[in-house]
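Coordinate inspection notes
Each chain, letter by letter, is given below.
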Amino acid sequence: MGEQTEQTGWTIDPAGLRAVLTDRRRVEAALPHAEPAQRLLLLGLLGQAQQGLTEGRRLLAEPAISADPWRLLLRMADLHCLQSDFAAAEQCHQQAWRHALGRERQAETLHSIGTRQFEQGDRDAAAASLQLALTLLSLFGDTPSRARTVAALARVRDGSPTDPAFDAVILAGGRGSRMGGGPAKPLRKLAGWPMLDHVLLACSAARRQIVVGPARIGIGAPLFCREQPAGSGPVAAISAGLAQVRQPVVLVLAADLPFIAGALGPLRALLAGGQALDAAALVDPSGRINHLAAAWRTAALYAALDRLGDPAGRPVRALYDSVEVAYLPDFDAYGADCDTPADLRQAESRIRQRSRGRLPAAQLAWPRLELHSPS
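Keep in mind that this is a model prediction, so the values were computed, not measured. (Residues numbered from 1 in each chain as written. Predicted model: local features only at pLDDT ≥ 70, side-chain atom pairs only at ≥ 80, totals over all residues. Heavy atoms only, no water.)

Attention now moves to the pairing of strand E6 (residues 209-212). Residue alternation in E6 divides its side chains into two sets, Gln-209 and Val-211 and Ile-210 and Val-212, and both sets are buried. Relative to E6, strand E3 (residues 167-171) runs parallel, the two sharing four bridges. Directly across from Val-169, in E6, lies its bridge partner Ile-210. Where E6 and strand E7 (residues 223-225) come together, three bridges link them in parallel fashion. The partner of Ile-210 across the bridge, within E7, is Leu-223. (Buried < 20%, exposed > 50% of the residue type's maximum accessible area, 1.4 Å probe, protein only. Helix = DSSP H or I, 4+ residues; strand = E, 2+ residues; numbered from the N terminus. Pairing = 2+ DSSP bridges.)

What follows is the structure, encoded as structure tokens:
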């Protein structure tokens, strides 16, 4: 067929095509001898997802498989994803998690969940699942599984034309005087995790997570910096964090927003919506604007800081003067903060109600699943 053939805009390389055909023959040859979960994987590679699902359902009824169906359920989830049946894939993941005994199995399950969430278009949830998998795999050193998850998380962070790469600046310098003593507010435990770790996990899709506050161990690999002088206020902290930003869009968040994950995608989407906007911020049903639950164009934030002059002691709302801002209604209380012990208790109750001991829809109650903060 010649050196190359043009077909519907794609260039076909004969050498590459031969390799694909050879691989298919190898897959077909391996099929009769494969163990059950591997056989489902091979059927998926051959484009026979429905046959694989039929075999999987039959196998689940066999006593030898039903005693430990973990890997089979993961392969069935993969097959459902090939058919774009993400609800069925999620059910398989829920069942697989119950059999994910041990951190290696939990990490592999989370990787599979993250892949499904990314295919569904939920980039932030996918990144959080993959980051949790990496947190588990860090206990085992450098392994092929870890390298595979690192590569998957990098692909998620690369973004797309409609949701490009971004950075996040998290303000974590608050002393939390209204908490009544004890650790600084960002380090207060919520469902077993410091509040800062909840926000870091929510921002897992960010290329850089820049924490303005005292350095500590945190989930992922955040960068730490301090405002100068220390304690000179939130605008000074934003200025210090912005110096570390490398992407055209940056999230600006307080460290006491444990439910913020669900708002991050919609905030970025407002900036990508084609309007000439400089920033997007949450506003609650009472009309209160949360200036530290926002997405900014990086250049616009630099310009706002330049107009403001000396940032020491200035209120964050002053940055929003003379900029084009979109306000996202926060009907789901994604921007609910935790300023007092009563706020923490309410947040604990909200997490428990949403978790119910199962794989949670939000990345919040992971300690119930035997995953503990790296702090």
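The subject of this paragraph is the packing of aromatic side chains. Taken as a whole and assessed by the stated rule, the structure comprises one aromatic pair. Arg-350 extends its terminal NZ or CZ atom over the ring of Phe-259, reaching a point 3.7 Å from the ring centre. (Phe/Tyr/Trp six-rings, centres within 6.5 Å; stacked < 30°, edge-to-face > 60°. Lys NZ or Arg CZ within 6 Å of the ring centre and 35° of its normal.)

So, about unusual backbone geometry. For the bond running from Gln-228 to Pro-229, omega is -10°, close enough to zero to count as cis. Despite not being glycine, Ser-322 has its phi angle at roughly 65°, a positive value. Exposure remark for Ser-322: the relative accessible area of 69% places this residue in the exposed category. Even without glycine at this site, Ala-333 takes up a positive phi of about 55°.

Taken in spatial order, the seven strands of this open sheet run E7-E6-E3-E8-E10-E9-E11, and their pairing is mixed. Every other strand in the sheet has two partners, leaving E7 and strand E11 (325-329) as the edge strands with one partner each. Adjacent strand axes in the sheet meet at a mean angle of 25°, parallel and antiparallel pairs treated alike. Direction of pairing for strand E9 (residues 279-283) relative to strand E10 (residues 289-297): antiparallel, over a ladder of five bridges. When the bridges of E10 are listed, Ala-279 appears paired with Trp-296. Together, E3, E6, E7, strand E8 (249-254) and E10 form the strand contacts of helix H11 (residues 234-242), whose direction differs from that of E3 by roughly 150°. (Axes fitted to C-alpha atoms, helices over the stretch in contact; angles between N-to-C directions. Contact = heavy atoms within 4.5 Å.)

Mapping Glu-28 onto the fold places it in helix H1 (residues 14-30). Sequence separation between Glu-28 and Leu-43 is 15 residues; the distance between their C-alpha atoms is 8.7 Å.

With that settled, the discussion passes to the state of the cysteines. Throughout the structure, instances matching the rule amount to zero disulfides. You can see Cys-81 has no disulfide; the closest cysteine sulfur is in Cys-92, sitting 9.0 Å from it. Taking the relative accessible area as the measure of exposure, Cys-81 reaches 10% and is therefore buried. (Disulfide = S-S within 2.5 Å.)

Let's shift gears to the packing of helix H3 (residues 49-60) against helix H5 (residues 70-82). Viewed as axis vectors pointing N to C, H3 and H5 meet at an angle of 150°, and their least axial separation amounts to 9 Å. For the element pair H3 / H5, the angle class is roughly antiparallel. In this structure, H3 meets H5 at a crossing whose hand is left-handed. Residues Ala-49, Gly-52, Leu-53, Gly-56, Arg-57, Leu-59 and Leu-60 of H3 pack against Leu-72, Leu-73, Met-76, Leu-79, His-80 and Leu-82 of H5. Its residues placed into classes, the contact of H3 with H5 shows nine nonpolar, three polar and one charged. (Parallel < 35°, antiparallel > 145°, perpendicular 65-115°, else oblique. Left-handed = near helix turned anticlockwise from the far one by under 90°. Nonpolar A, V, L, I, M, F, W, Y, C, P; charged D, E, K, R; others polar.)

Where burial is concerned, most of E3 is hidden: five out of the five residues are buried. Of the two faces of E3, both are covered, the one formed by Asp-167, Val-169 and Leu-171 as well as the one formed by Ala-168 and Ile-170. Sheet topology note: the E3/E8 ladder contains five bridges and is parallel. Residue pairing across strands places Asp-167 opposite Val-250, the latter belonging to E8.

This part covers the environment of Ala-255. Note that Ala-255 resides in the loop between E8 and helix H12 (261-271). Judged by its relative accessible area of 3%, Ala-255 falls in the buried class. In this structure, the C-alpha to C-alpha distance between Ala-255 and Met-195, residues 60 residues apart in sequence, is 6.6 Å.

Of the residues in the protein, 85% have a pLDDT of 70 or more, and the chain-wide mean is 86. The low-confidence segment residues 1-10 (pLDDT under 50) makes 13 contacts with residues lying over four places distant or belonging to another chain. Counted against residues more than four places away or in other chains, residues 356-375, with its pLDDT under 50, gives 64 contacts. (pLDDT = per-residue confidence, 0-100.)

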